[in-house]
There are 2 protein chains.
Amino acid sequence: MDYSRFLSSETDLMRDPEIRELLKLTERSDIVSFAGGLPDPQAFPLDELAEITVFAFREFGVSALQYGPTRGATPYVKELVEFLWRVRGVKASPDEVVVTVGSQQALDILSRVFVDLGDYVVVEEPTYLAALNVLRARKPRFVGVPVDDEGILVDVLEDKLRELRSEGKRVKFLYTIPVAQNPAGVTLSKRRKKRLVELAEEYDFLIVEDDVYGLLVFEDGIDTTPIRVLAPERTVYVGSFSKTLSPGMRLGHVIAPKPLADVLERAKQSIDLHTPTLTQYVAMEALRRGVVERNLPRIKTLYKMKRDIMLDALQENMPERVWWTKPVGGMFIWLKLNAQVDTSQLLLKAVERGVAYVPGKTFYHDMRETDTMRLNYTKPTADQIREGIKTLAEVVREALRS
Amino acid sequence: MDYSRFLSSETDLMRDPEIRELLKLTERSDIVSFAGGLPDPQAFPLDELAEITVFAFREFGVSALQYGPTRGATPYVKELVEFLWRVRGVKASPDEVVVTVGSQQALDILSRVFVDLGDYVVVEEPTYLAALNVLRARKPRFVGVPVDDEGILVDVLEDKLRELRSEGKRVKFLYTIPVAQNPAGVTLSKRRKKRLVELAEEYDFLIVEDDVYGLLVFEDGIDTTPIRVLAPERTVYVGSFSKTLSPGMRLGHVIAPKPLADVLERAKQSIDLHTPTLTQYVAMEALRRGVVERNLPRIKTLYKMKRDIMLDALQENMPERVWWTKPVGGMFIWLKLNAQVDTSQLLLKAVERGVAYVPGKTFYHDMRETDTMRLNYTKPTADQIREGIKTLAEVVREALRS
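Since the structure is predicted, the reported quantities are computational estimates derived from the model, not experimental observations.

Undergrad: Where do I start with the relation of the copies chain B and chain A in this structure?
TA: Comparison of the two chain copies shows a relationship of rotation about an axis with a shift along it. Here chain B sits on chain A after a turn of 180° about the axis and a move of 0.0 Å along it, with an RMSD of 0.0 Å. Here the symmetry operator amounts to a two-fold rotation axis. Closest to the rotation axis within chain B is the C-alpha of Val54(B), separated from it by 3.3 Å. Looking at the interface residues of chain B, 100% of them are also at the interface in chain A, so both copies use one shared face.

This is the structure we're talking about:
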């Protein structure tokens, strides 16, 4: 039976199936995959979480199994608010919080609540591909602004905003990952952050701040102050425990000015009633006991080591014209071949040789740039990184030659 | 700051805020609430789940904390498929399954994947209000078909389908809760089920079968065969462990023909990547150990007792012209005053007197019927049911008098 006549137009917009199929191959165990975005399993505080779960069942069992509030379990929200204040300097009241199924759901709900067909939305070039996917479903007009080592190019942004204004058009929001950006690995500088906030005021748009890597900066002296701290009224802050506690728990959150949080709550209620309760109680107890804060130095040491191994391997093996970012945190290195090579074509060859990455063009709203790729260094082992980069460099070398 | 200029048109469609606010009052501890849809906490196999969670951490810890497949954790999906075959006679292959955050998310994803602006969707009158909410966000044209004691009126359905066809219009799908319907408490008869399937073939539409109460039938001799068993190619089956294991775990699932399951997977990936992993491993082990099947007789005995207490209390206290359903399972009784009374107006009075319900009109796509209400008998205690119905009968009596 052919089901295509039953499908909505939204289903046409779902992610490039060709790359999708290829990336499925990368799950084979004989492939060194830099394609994923997975934490190192060693980063999970497994034993502590096991013990906490037993405790949570004993102490809060019935509440943890029952339906809960759409915004999030009240005692968890309380702990979360205190945690964000301690570690990120984010001041929020409980009624500004909505707990979500990972930060991905936060992005989906925000897209639905903000974007109508044809609305203007600013995204970084490149940006998180799954954010692009949820936005695409709403059929907005994308305004792309490139990033460099200091994050989004605020001057280019200003030019585009001025141009739109002169045409009587307005931007609804700008989506940014200011710290350790995915995929580019860059971090927004203090100076540009300040200017970005001024522009949001001047041109009256909201900033959706995706702070999932905010706690994963392993270099000193980096300003990681959230935009939310500078402009609480303009900012919708998105966070997650996927990188600092466990991704499988799927615990994300939005901090938004109360009127917006109220709307998000109503949307979330239709979408799935509420985020699973048990995991919220487990996370609550983990926050109470300081598990995340205690665990973080260990994760950062681990990831810094792996990043350095990858940077060294790239330095040692890649041809000279190839360029890559040196991230101060997060999980990704962004690599540019500086050549007429389509990395999505090249992926098949790489996979045949036993190594995988995500082609760069999937991170562009208009699929423009084709000679880039995203490399993850947190999931593969040190040996896999060394071997995999060596292989990848061979593949790249051949491509540049032909 | 006024945020209304940033909101999408979809936010206008979100649930009646007036009733919403009123229902928030019903969470006060001094109110006997028949308004919720919560299981009796006594129904949760708390101790067993606590033990299983410890076991799941020990055995599958790293997998349970890591990102997982969008369709669901592979070993859980395998157990789920076997469970559905054992208890519901549903034959499915793992690649027909998508695990969701409760059945609510299933309904949301199905709405997004099937419905475009203006599409025709058949719903029962009355039907589950949260299903109406997710559908409304897609702006379909609703075709309402009433239910009676035998479920949806297939003759009325046929008339409407014929009329639509004569106008060159087609229905995309019909949404039904065949067993122990929410809110009406009615169950689709064998005869009508057969006719419904024939009509789906003849008029080429899909059936979205919401089977969340399929295991909660406590009378003998009721045909509860899922529609999916009769018409696997036409049916998208939605299930949940919220009523049989724990709602707080938020574990639902869709069983759909593979081409549709593939599309659902792509949608789910954008929406939240995947359902939390840990709870899937806990549920997997619970299914392996037969917890649900062992626990069900206890839940059914409990709910049957509570239903009988409510039916007796209604019989004893309600004025003669008032009519209500005698559900063979599920969690709700549907009550009709047979009078010119708007129960959404009446709710305020009821709440003042210490009793709450959900006004019937919220369960109609066109908010038509106003003299009905939904009563939940699973959450309140036996004493609360007796006292609450007595109070409610007084409120109703006064309303009928004036």
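Undergrad: Help me understand the domain arrangement of chain A in this model?
TA: For interface size, the figure often reported is the accessible area lost on association. Residues and elements named next belong to chain A. Under the domain assignment, chain A is made up of domain 1 (4-44 + 294-401) and domain 2 (47-291). Of note, the centres of domain 1 and domain 2, computed from C-alpha atoms alone, are 24 Å apart. Domain 1 puts 27 residues into the contact, and the matching count from domain 2 is 32 residues. For the side of domain 1 that touches domain 2, the elements supplying multiple residues, two or more each, are helix H11 (291-317) and strand E11 (332-336). For the side of domain 1 that touches domain 2, the element with the highest residue contribution is H11, accounting for seven residues. Tallied by class, residues from the side of domain 1 that touches domain 2 come to 13 nonpolar, seven polar and seven charged.

Undergrad: Explanation requested: the environment of Ile227(B) in the structure shown.
TA: All names here are of chain B. Along the chain, Ile-227 falls in helix H8 (residues 227-230). Along the backbone, Ile-227 and Leu-117 are 110 residues apart, and their C-alpha atoms lie at a distance of 27 Å. Once you skip the residues sitting within four places of it in the chain, Ile-227 turns out to touch Pro-178, Lys-193, Val-197, Ile-207, Glu-209 and Thr-235.

Undergrad: Any chance you could explain helix H10 (residues 277-288) of chain A here in plain terms?
TA: An α-helical turn contains 3.6 residues, so a residue and the one three or four places further along point in the same direction. Across its twelve residues, H10(A) extends 17 Å between first and last C-alpha, which sits within 8% of the 16 Å expected from 1.5 Å per residue. Burial runs high along H10(A): eleven of the twelve residues are buried. Regarding H10(A), the residues found buried are Thr277(A), Leu278(A), Thr279(A), Gln280(A), Tyr281(A), Val282(A), Ala283(A), Met284(A), Glu285(A), Ala286(A) and Leu287(A). Elements that come into contact with the buried residues of H10(A) comprise helix H2 (46-65), helix H3 (74-88), strand E2 (97-101), strand E9 (251-255) and H11 of chain A together with helix H10 (277-288) of chain B. The positive-phi residue at the C-terminal boundary of H10(A) is Gly290(A), with phi of around 75°.

Undergrad: Sorry if this is basic, but what is going on with the sheet that holds strand E10 (residues 323-324) of chain B here?
TA: Sheet strands pair via backbone hydrogen bonds, and the direction of the pair is either parallel or antiparallel. Residue and element names in this part refer to chain B. Taken together, four strands build an open sheet; the order of strands is E10-E11-E14-E13 and the sheet is antiparallel. Each end of this open sheet is capped by a strand with a single partner; those strands are E10 and strand E13 (358-359). The sheet contact formed by strand E11 (residues 332-336) and strand E14 (residues 372-376) spans five bridges and is antiparallel. Considered in E14, the bridge of Trp-334 is made with Arg-374.

Undergrad: What should I look at first to understand the pairing of E11(A) in this one?
TA: When a strand is regular, its side chains alternate between the sheet's two faces. All names here are of chain A. Along E11, four of the five residues are buried, which leaves the element largely enclosed by surrounding structure. Examined bridge by bridge, strand E10 (residues 323-324) and E11 share two bridges and lie antiparallel to one another. Bridge pairing in E11 places Trp-324 opposite Leu-335.

Undergrad: Teacher, can you tell me more about helix H2 (residues 46-65) of chain B here?
TA: In this model H2(B) runs just 22 Å from its N-terminal to its C-terminal C-alpha over 20 residues, more than 12% under the 28 Å that 1.5 Å per residue would give. Of all the bends found along H2(B), the most pronounced is centred on Glu59(B) and spans about 80°. All of the buried residues in H2(B) are Leu49(B), Ile52(B), Thr53(B), Ala56(B), Phe57(B), Phe60(B), Gly61(B), Ala64(B) and Leu65(B). In the core, the buried residues of H2(B) are packed alongside H2 of chain A together with H10 of chain B.

Undergrad: Just to check I follow, could you spell out the interface of chain B and chain A for this structure?
TA: Contacts between the two partners involve 62 residues from chain B and, on the opposite side, 62 residues from chain A. Of all the secondary structure elements, the ones that give two or more residues to the side of chain B that touches chain A are H2, helix H4 (102-114), helix H5 (129-136), helix H9 (258-272) and H10 of chain B. No other element matches H2(B), which puts ten residues into the side of chain B that touches chain A. Taken together, the residues of the side of chain B that touches chain A break down into 36 nonpolar, 16 polar and ten charged.

Rules behind the numbers
Per chain, the residues get numbers from 1 upward, laid out in the order the sequence is written. Starting at A for chains and at 1 for ligands, labels are handed out in the order in which the entities are written. Two thresholds apply to this predicted model, a pLDDT of at least 70 for residue-level local features and 80 or more for giving and counting side-chain atom pairs, whereas whole-chain, interface and lining totals are computed over all residues. We place the copies in one frame by least squares, fitting the C-alpha atoms of every residue whose pLDDT is at least 70 in both. With C-beta atoms placed from the backbone, a contact is any residue pair whose C-beta atoms sit within 7 Å. Note that domain bounds follow an automatic or database assignment of domains. Runs of E in the DSSP output that reach at least two residues are strands. Runs of H or I that reach at least four are helices, and both are numbered from the N terminus. For this classification, Asp, Glu, Lys and Arg are treated as charged, while Ala, Val, Leu, Ile, Met, Phe, Trp, Tyr, Cys and Pro are nonpolar and the rest, including Gly, are polar. In a helix, the anticipated span is given by 1.5 Å times the number of residues less one. Neighbour density around each residue's C-beta defines its exposure: 20 or more other C-beta atoms within 10 Å make it buried, 12 or fewer make it exposed, and counts between make it partly exposed, where C-beta atoms are placed from the backbone. Strand pairing requires that DSSP identify at least two bridges connecting the strands. Two axes are fitted around each residue, one to the seven residues ending there and one to the seven starting there, and the angle between them is reported as the bend at that residue.

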